[in-house]
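Chain by chain, the residues run as shown.
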Amino acid sequence: MAEDDDIPLTGGIRQKLVDTKQAWARDGRLLTGTPGDPTRDRLPPGQTLVRDWPVLDLGVQPDVAPDRWRLRVEGLVQAPVRLTLPEFMALPQTELVNDIHCVTQWSRYDNHWQGVRARDLIAMARPKDEARFVAFTSYDGYTTNVPLAEFVRDEVLLAHSWEGEPISRQHGGPVRVVLPRLYFWKSPKWVTRIELLREDRPGFWEVRGYHNNGDPWLEERYG
Ligand SMILES: Nc1nc2c(c(=O)[nH]1)N[C@H]1C(S)=C(S)[C@@H](COP(=O)(O)O)O[C@H]1N2
Ligand SMILES: [Mo]
């Protein structure tokens, strides 16, 4: 899309970091081998609780001015959606509180989010019967993927605010996805495109040795 071309990016892909994470995936780093039980424990296996909120990305942080942000829902849909930020903010709003779990071992409890439920957005687009998977694309070029059934779960949000404040640029503002049931690499920051597909399309980390599902309770770190 032509108008994506002039979203300013700062930084550059931190290739060393990408290589290190890929090597961890190869070596199965951090695996405990014992599945967790979410009905009994709050912290998934092998995770460490943090109180701050670490920033993790490829090293490129797009500066998406609010008036330039666009969200598209397309692919196998009957009614492709294309929204500006004011249009997105005018949709029914939801507040959710949840825990997040990064594959590099940190977890953070009780994050308060505000935004639009993924299922409301998907309902607007009216998926075709054959749509089974979702592929996300972000302004930094990052991609990731989940089954459509996972994306339309109750607790999945396209969030614009965290702890009552707009999500900062470094954490993916103006709008990021939050899929709290999966490791946090499945939650794209600076999201712009949601594509519904018949076949799965593994994203940036999924093609570099990360697990395709990413359930923290099953330690689906690498696949
Ligand atoms: N667009 C984009 N989204 C992304 C990433 C990224 O590099 N680019 N990194 C993922 C990873 S690996 C993690 S752990 C979380 C980190 O989000 P945070 O920086 O807000 O903690 O974002 C995920 N979403
Ligand atoms: Mo991550």
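Everything below is about the structure shown above.
Predicted model, so just to flag it, every value in this text is computed and none were measured.

Trainee: Hey, could you run me through the nonpolar core in this one?
Mentor: Soluble globular proteins tend to bury their nonpolar side chains together. Formed by 34 residues in total, the largest nonpolar core has its most connected members in Val73, Phe88, Phe136, Phe151, Leu158, Ile194 and Leu196. Counting residues per element, this core draws most heavily on helix α3 (residues 118-125), which supplies four residues. Excluding its chain neighbours within four sequence positions, the residues that come into contact with Phe136 are Tyr142, Thr143, Thr144, Asn145, Val146, Phe151, Val177, Leu179, Pro188, Val191, Arg193 and Ile194. Within the second largest apolar cluster, twelve residues are counted, among which are Ala25, Tyr142, Trp185 and Tyr210.

Trainee: Before we go on, may I ask you to explain the site of ligand 1 in this structure?
Mentor: The immediate surroundings of ligand 1 are formed by 21 residues, with Pro54, Asp140, His171, Arg176 and Lys189 found nearest. At 2.8 Å, a backbone N or O of Leu56 approaches an oxygen atom of ligand 1. For ligand 1, whose accessible area on its own is 530 Å², the fraction buried by protein is 100%. Residue composition of the shell around ligand 1, by class: 13 nonpolar, three polar and five charged.

Trainee: When you look at the pairing of strand β8 (residues 133-138) in this model, what are you seeing that I'm missing?
Mentor: Sheet faces and side chains relate simply in a regular strand, where the side chains alternate between the two faces. Bridging between β8 and strand β9 (residues 143-147) involves five bridges; their strand directions are antiparallel. Following the sheet pairing, Phe136 is matched in β9 by Thr144. Here β8 folds back onto β9 in antiparallel fashion, the turn holding four residues, of which Gly141 has a positive phi close to 90 degrees. Inspection of the sheet shows β8 paired to strand β13 (residues 191-197) by six bridges, in the antiparallel sense. When the bridges of β13 are listed, Ala135 appears paired with Glu195.

Conventions we followed
By convention here, each chain's residues receive numbers from 1 onward along its written sequence. For this description, chains carry letters from A and ligands carry numbers from 1, given in the order in which they are written. Residue-level local features of this predicted model are given only where pLDDT is at least 70; pairs of side-chain atoms are given and counted only at 80 or more, and the full residue set underlies all totals for whole chains, interfaces and linings. Based on all heavy atoms of the structure, the side-chain values leave hydrogens and waters out of the count. Take the buried residues of types Ala, Val, Leu, Ile, Met, Phe, Trp, Tyr and Cys, join any two whose side-chain atoms come within 4.5 Å, and each joined set is a nonpolar core. Each residue is placed in one exposure class: buried if its accessible area under a 1.4 Å probe, protein chains only, is under 20% of its type's maximum, exposed if it is over 50%, and partly exposed if it falls in between. Strands here are runs of E lasting at least two residues and helices are runs of H or I lasting at least four, both read from the DSSP assignment and numbered beginning at the N terminus. Whether two residues touch is decided by their heavy atoms; if any such pair falls within 4.5 Å, the residues are in contact. We define proximity as follows: a residue is near a molecule or strand when any one of its heavy atoms falls within 4 Å of that partner. As used in this structure description, the phrase polar contact means that two N or O atoms lie within 3.5 Å; if the pair is within protein, one of them must be able to donate a hydrogen and the other to accept it, and residues adjacent in sequence are counted only when both atoms belong to side chains. Using the Shrake-Rupley algorithm and a 1.4 Å probe, accessible areas are obtained, with residue cover drawn only from the displayed protein chains. Just so you know the grouping, Ala, Val, Leu, Ile, Met, Phe, Trp, Tyr, Cys and Pro go in nonpolar, Asp, Glu, Lys and Arg go in charged, and all remaining residues, Gly too, go in polar. Strand pairing requires that DSSP identify at least two bridges connecting the strands.

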